[in-house]
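# What the coordinates show
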Amino acid sequence: MADRDNPLPPKPSAQRLGREKLPPPVKDFRIDAFGAQPRTGGFRALVAALGLAMPSSIFADVPQAQPVLVFKLTADFREDPDPRKVNLGVGAYRTDDCQPWVLPVVRKVEHQIARNDALNHEYLPILGLPEFRSNASRIALGDDSPAIKEKRIGSVQSLGGTGALRVGAEFLRKWYNGTNNAATPVYVSSPTWENHNGVFGAAGFTDIRTYHYWDAAKRGLDLQGLLQDMENAPEFSIFVLHACAHNPTGTDPTPEQWEKIASVMKRRFLFPFFDSAYQGFASGDLDRDAWAVRYFVSEGFELFCAQSFSKNFGLYNERVGNLTVVGKDGDNVLRVLSQMEKIVRVLWSNPPAQGARIVATTLSSPEHFTMWKENVKTMADRILLMRAELRSRLEALGTPGTWNHITEQIGMFSFTGLTAKQVEYLINEKHIYLLPSGRINMCGLTTKNLDYVAASIYEAVTKIQ
Ligand SMILES: Cc1ncc(COP(=O)(O)O)c(C=O)c1O
């Protein structure tokens, strides 16, 4: 009996551990790098002498993660040599020549910043550039916001809209409705921007649920389902609401529908966390696109609003966002901000300046502000035109199904209703790249590729059921 014969537990075999036997001592690269003799002793030699096994790398057991779908799609698109290829996947604006667009107002302000010798590269405050924060919140809440007048708002400059969501989520997990409430349900729309799940999960929330949003049969909002989910949600649940231009469906509640949503949320003590990533993209008008957030504020809600300036300023890689906090009074907001400062300190310590300077300079000058609004309108109008052109081509071809949703949906995206198999066909046979959900970025359409895309969709719909 092994145990009696050998009181020591048997040594685990290298094979059983799924590890390789230790190879002969190798050069110690740290020493080699400086020209010293290779070491033959040390930890590895000791482990070998004891007959133990070592993994070939401490990272040997790390599983390969799935790539982020929308970025993978863009990489596949880049590698595709077919001249007909079209990228309808990526969530970024493109000109009619399929090129990224630096907004003219951004170029102008960038030059102004570059010439300003008074600027330097000192750290910003942890919560960000004050003039950026106040102007960004003003855009979200409106010039005549009662919350601004009553000084019961605060804000945090963040790394894009994603950063604003993360800071807000971290704060809520730690401090909302009692401390450490990881189990508080967080509701995201079905479907939603897929990162909502990841961000709230990473912040420590363990109960992330979906609420009804998209009615696939009628290709529109499932208001009844949404309201029912709110009625059934535990009090104090957190609801992530897309402020406008819902991603991915392009379908927003009407003002009357928002009023119903607000009324249930108020009665059921549900917390609104707005995600505003497309202000200006829905209607071309900043104020109209902020209607829902402003209505909730006017109804006396305490709420968060995460803003992204990636799309409406075209500042994707500058990572510029803002989290607005609206509270019942200024004192509450100050304490909330003091905790958010602690959260930012361990996330990115303090934010980058360039994007925030561009936005702050633009928003605080009437002349630049006007120019920016025109630039936003240019983008929104091109999207509207592409919607109308795609719909009319699909209808003219007699493409089976109804296509009115293409023009009824708003913002950058359209939820086409194409099935995963039809999407596969479009990618593999037509070199048209889009998400498996059938979401397309309208900005990927141009006057040059519209005919090809419409004919390909016709083919996919008629050939693949
Ligand atoms: C709904 C939604 N929220 C937030 C974001 C994040 O924006 P950012 O790139 O500024 O982090 C996006 C970006 O695609 C989005 O679609």
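Structure: above.
Presented here is an overview of the structure given in this document. Note that the coordinates shown come from a computational prediction; the quantities given were computed from them, not determined experimentally.

With respect to the helices and strands, His 196 occurs in helix α9 (residues 195–202). For His 196, the contacting residues outside a window of four places in its chain are Leu 165, Val 188, Val 240, His 242 and Asp 275.

With that settled, the discussion passes to the site of the ligand. Near the ligand, the surroundings consist of Gly 160, Gly 161, Thr 162, Trp 193, Asn 247, Asp 275, Ala 277, Tyr 278, Ser 308, Ser 310, Lys 311 and Arg 319. Here an oxygen atom of the ligand sits 2.7 Å away from a polar atom, N or O, in the side chain of Asn 247. At a separation of 2.6 Å, a nitrogen atom of the ligand approaches a polar side-chain atom of Asp 275. Summarising the interface, the protein chains cover 90% of the accessible area of the ligand, which totals 390 Å² for the free molecule. The greatest single-element share of the shell around the ligand, amounting to three residues, is contributed by helix α8 (residues 160–175). Considering only residue class, the shell around the ligand consists of three nonpolar, six polar and three charged.

Orientation of helix α6 (residues 130–141) relative to helix α13 (residues 291–298), taken along the N-to-C sense of each, is 90°, at an axis distance of 8 Å. Here α13 runs roughly perpendicular to α6, going by the angle between their axes. For the pair α6 and α13, the contacting residues are Arg 138, Ile 139, Ala 140 and Leu 141 in the first and Val 293, Arg 294 and Val 297 in the second. Tallied by class, residues from the contact of α6 with α13 come to five nonpolar, no polar and two charged.

Before going further, it helps to examine the sheet that holds strand β7 (residues 238–242). Strand-to-strand pairing in sheets goes through backbone hydrogen bonds, with the strands running parallel or antiparallel. Judged by pairing direction, the sheet is mixed, and its seven strands sit side by side in the order β2-β10-β9-β8-β7-β3-β4 without closing on themselves. Of all strands in the sheet, those bounded by a partner on one side alone are β2 (153–158) and β4 (208–212). Averaged over all pairs of adjacent strands, the angle between strand axes in this sheet comes to 25°, irrespective of strand direction. Where strand β8 (residues 271–276) and strand β9 (residues 303–308) come together, four bridges link them in parallel fashion. By the bridge assignment for β9, Phe 274 is matched with Cys 305. The sheet strands contacting helix α14 (residues 330–347) are β2, β9 and β10 (321–326), and the helix crosses β2 at an angle near 15°.

Reading guide: rules and limits
Residues numbered from 1 in each chain as written. Predicted model: local features only at pLDDT ≥ 70, side-chain atom pairs only at ≥ 80, totals over all residues. Heavy atoms only, no water. Helix = DSSP H or I, 4+ residues; strand = E, 2+ residues; numbered from the N terminus. Contact = heavy atoms within 4.5 Å. Near = heavy atom within 4 Å. Polar contact = N/O pair within 3.5 Å; in protein donor to acceptor, adjacent residues only side chain to side chain. Areas by Shrake-Rupley, 256 points an atom, 1.4 Å probe, with all protein chains shown as cover. Nonpolar A, V, L, I, M, F, W, Y, C, P; charged D, E, K, R; others polar. Axes fitted to C-alpha atoms, helices over the stretch in contact; angles between N-to-C directions. Parallel < 35°, antiparallel > 145°, perpendicular 65-115°, else oblique. Pairing = 2+ DSSP bridges.

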